[in-house]
Amino acid sequence: MRLDLSPLNGFRGSLVTPYEPAYEAVRGLFNTRVRTRPALIARCADTQDVAAAIRFARERKLPIAVRGGGHSASGLSLVEDGVVVDVGGMRDVSVDPEARTVTVGPGVGWRDIDRETLPHGLAGPGGECPTVSNAGYSLGGGYGPLGRTFGLGCDHIVRLQVVDAAGRTLEVSADEHPDLFWALRGAGGAGFGVVTQLTYRLNPMPETVIGGIVAWPLGRAAEVFAAYRDLYAARVDERLALCLVLTTEPYPEGEPVIAMYGAYIGPVDEAAEHFAPVLAIADPLFSTIGETRYLDVMTVLGEEIVYGLQSKWLGGYFSADGFDQDAFAVLAEGFRRAPSGFSMVRFDLLAGGAVARVPKDATAFVHRDSLHYVSIIAQWGGDEETDANVAWIGGFHEALRPYLTGEVYQNYADRDLADWPAAYYGDNYPRLQQVKAQYDPQDVFHHPQSIRLP
């Protein structure tokens, strides 16, 4: 049955239902394995649209999902037969160079933010993918190449605008609604409201950095893993931001390789000593390490992301002694068996440093101690490949389980987790339940892994 959309007269964005030709294109997520079909996708133009969409859904007792960039790995940004409050089109960016802040809409990506802030010698705590929304990234934590140096995305948030379950617009900061401010920084996608604006503090960024990517054959994986482990095990200098990936070269048709990529965020003439342990690994397949711009490094990484694939993500934090020789062998052998050249294994965060200096209870984000996180990312094309790829990632993850803590990064949500509250939020979960009861007592923002009422 068609929804009566007349109560949404005056909606400034667009309203898309299954009866319109544009529906399938608008409905699709980055992960095309997700086939969820909402009754309405409300593509909001502003905060007033968001409030109107929430009230519309509440009055009709329709479930609500919130979508920004559409990168929810497990599909939580869509809801079957419900209303999707889509904030992806809210993309304003305003830089205050004197205050060293940037205020943005929830749908804008980090490369667009970088292009506005970097001319002022300032950078936000962004991630690699250009189409991941800054809001989804930061509200769930926000690991990125600058994390060890400057902190997580959620640690940079200084103010938010939020539409609550009653359709009210709240200004949220350390001084206004401080309990909600605490919860949104780390559990912002877990059912408290819809964020319509974020203000971040910015970090000084040199115009020129030393960075790039260096890769070796997968047969050198044990040596490269050991060097990566040792590079950060007792590292005092936090300005070397290197991530690690198992992938194919050329991607996706080539041979399996292991690579490090990133930059040294410090004086150019000091970079050589910090890169020395990496560059000492003999016989790389190639290396682009050299003088460059931070924006260029991040842009190149984003160009390697393929759209239109099906995917499944599994991963976890390594235990204190888990990232060692036995795990190295499991990682290399597991990746070697990948049935799809699109799949990869990523160590896409660096904990410690500025991340670890924030107490675990200072925000809702609890994962402050573990130095390494592994993401196994199965990606493939057609439905006929699904069974093989799902079996591969399941077996691979099970083989790695003895080396992991059981905690999981909430931005890489796994809908099959039995005890997701403990895996995502640990000891912070009971406090999150109290905040949920205060700001959404009727559980309007409910999804399979939203915070439960106490």
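Residues numbered from 1 in each chain as written. Predicted model: local features only at pLDDT ≥ 70, side-chain atom pairs only at ≥ 80, totals over all residues. Heavy atoms only, no water.

J.: Looking at this structure, I do not really get the overall build of the protein chain. What am I missing?
T.: Secondary structure summary: the protein chain contains 14 helices and 19 strands in total. Its C-alpha atoms give the protein chain a radius of gyration of 22 Å, within 12% of the compact-globule value 22 Å for 454 residues. C-alpha atoms of the protein chain, sized along the principal axes, occupy 65 × 55 × 40 Å. For the protein chain, the residues scored as buried account for 58% of the 454 residues in total. Taking the intrachain contacts of the protein chain between residues at least 6 apart in sequence as the baseline, contacts between residues at least 24 apart amount to 71%. Taking the 38 positively charged and 57 negatively charged side chains of the protein chain as two groups, their mean positions are separated by 5 Å. (Helix = DSSP H or I, 4+ residues; strand = E, 2+ residues; numbered from the N terminus. Rg over C-alpha atoms; globule rule 2.2 N^0.38 Å. Buried < 20%, exposed > 50% of the residue type's maximum accessible area, 1.4 Å probe, protein only. Contact = heavy atoms within 4.5 Å. Lys, Arg positive; Asp, Glu negative; His and termini not counted. Charge placed at Lys NZ, Arg CZ, Asp CG, Glu CD.)

J.: Which parts of the structure should I look at to understand the pairing of strand S2 (residues 40–43)?
T.: Looking along a regular strand, one sees the side chains alternate between the two faces of the sheet. Where strand S1 (residues 14–16) and S2 come together, three bridges link them in antiparallel fashion. Considered in S2, the bridge of serine 14 is made with arginine 43. Where S2 meets strand S4 (residues 83–86), four bridges bridge the pair, whose relative direction is parallel. Residue pairing for S4: arginine 43 is matched across the bridge by aspartate 86. (Pairing = 2+ DSSP bridges.)

J.: What is the right way to look at the sheet that holds strand S9 (residues 169–172) in this model?
T.: Sheet strands line up and pair through hydrogen bonds in the backbone, either parallel or antiparallel. Judged by pairing direction, the sheet is antiparallel, and its five strands sit side by side in the order S5-S6-S10-S8-S9 without closing on themselves. On the outer flanks of this sheet lie strand S5 (93–96) and S9, each paired with one strand and no other. Sheet twist, expressed as the mean angle between neighbouring strand axes with direction ignored, is 15°. When strand S8 (residues 157–163) meets S9, the two strands line up antiparallel, connected through four bridges. Directly across from glutamine 161, in S9, lies its bridge partner glutamate 171. Lying on the sheet, helix H6 (residues 178–187) is in contact with S8, S9 and strand S10 (194–201); it crosses S8 at an angle near 100°. (Axes fitted to C-alpha atoms, helices over the stretch in contact; angles between N-to-C directions.)

J.: In this structure, what is going on with the packing of aromatic side chains? I would like to understand it.
T.: Scanning all chains against the criterion turns up 26 aromatic pairs. For the ring pair phenylalanine 365 and tyrosine 409, a centre distance of 6.1 Å and an interplane angle of 80° mean the geometry is edge-to-face. One end of the pair, phenylalanine 365, is in the loop between helix H11 (353–356) and strand S19 (373–380); the other, tyrosine 409, is in the loop between helix H12 (386–400) and helix H13 (420–425), with 44 residues separating them in the sequence. Each member of the pair, phenylalanine 365 as well as tyrosine 409, is classed as buried. Linked through ring pairs, Tyr143, Trp313, Tyr317, Phe365, Tyr373, Tyr409 and Tyr412 together constitute an aromatic cluster. A cation sits over an aromatic face here: arginine 2 above tyrosine 19, 4.1 Å from the ring centre. (Phe/Tyr/Trp six-rings, centres within 6.5 Å; stacked < 30°, edge-to-face > 60°. Lys NZ or Arg CZ within 6 Å of the ring centre and 35° of its normal.)

J.: How should the state of the cysteines be read in this particular structure?
T.: Any covalent bond linking the sulfur atoms of two cysteines counts as a disulfide. In this structure the tally under the stated criterion is zero disulfides. The closest cysteine sulfur to the non-disulfide-bonded cysteine 154 is located on cysteine 243, 17 Å from its own sulfur. What makes cysteine 154 buried here is its relative accessible area of 0%. (Disulfide = S-S within 2.5 Å.)

J.: How should I be thinking about the sheet that holds strand S3 (residues 64–67) in this particular structure?
T.: The strand order across the open sheet built from four strands is S1-S2-S4-S3, with neighbouring strands paired in mixed fashion. Only two strands of the sheet have a single neighbouring strand rather than two, namely S1 and S3. Sheet twist, expressed as the mean angle between neighbouring strand axes with direction ignored, is 20°. Helix H2 (residues 47–59) rests against S2, S3 and S4 of the sheet, and its axis sits at about 170° to S4.

J.: Honestly, the environment of glycine 191 in this entry has me stumped. Any pointers?
T.: Within the secondary structure, glycine 191 sits in the loop between H6 and S10. When its relative accessible area of 7% is taken as the criterion, glycine 191 is described as buried. Once residues lying within four places of it in the same chain are set aside, the contact partners of glycine 191 are Lys436, Asp440, Phe445 and Ser450.

J.: Even after reading the chapter, I still don't get the pairing of S4, so can you show me in this structure?
T.: Across the two faces of S4 the burial is the same, with Val83 and Val85 and Val84 and Asp86 all buried. Bridge count for S3 against S4 is four bridges, and the pairing is parallel. Bridged to valine 66 within S4 is valine 85.

J.: Where do I start with the packing of helix H7 (residues 221–233) against helix H10 (residues 325–336) in this structure?
T.: Helix-helix packing is described using two parameters, namely the angle between the two axes and the distance between the axes. Orientation of H7 relative to H10, taken along the N-to-C sense of each, is 130°, at an axis distance of 9 Å. Considered as vectors, H7 and H10 are oriented oblique to each other. Both H7 and H10 take part in a crossing whose hand is right-handed. Of the residues in H10, those in contact with Ala221, Ala222, Phe225, Ala226 and Arg229 of H7 are Gln325, Phe328, Leu331 and Ala332. Across the contact of H7 with H10, the residue classes break down as seven nonpolar, one polar and one charged. (Parallel < 35°, antiparallel > 145°, perpendicular 65-115°, else oblique. Left-handed = near helix turned anticlockwise from the far one by under 90°. Nonpolar A, V, L, I, M, F, W, Y, C, P; charged D, E, K, R; others polar.)

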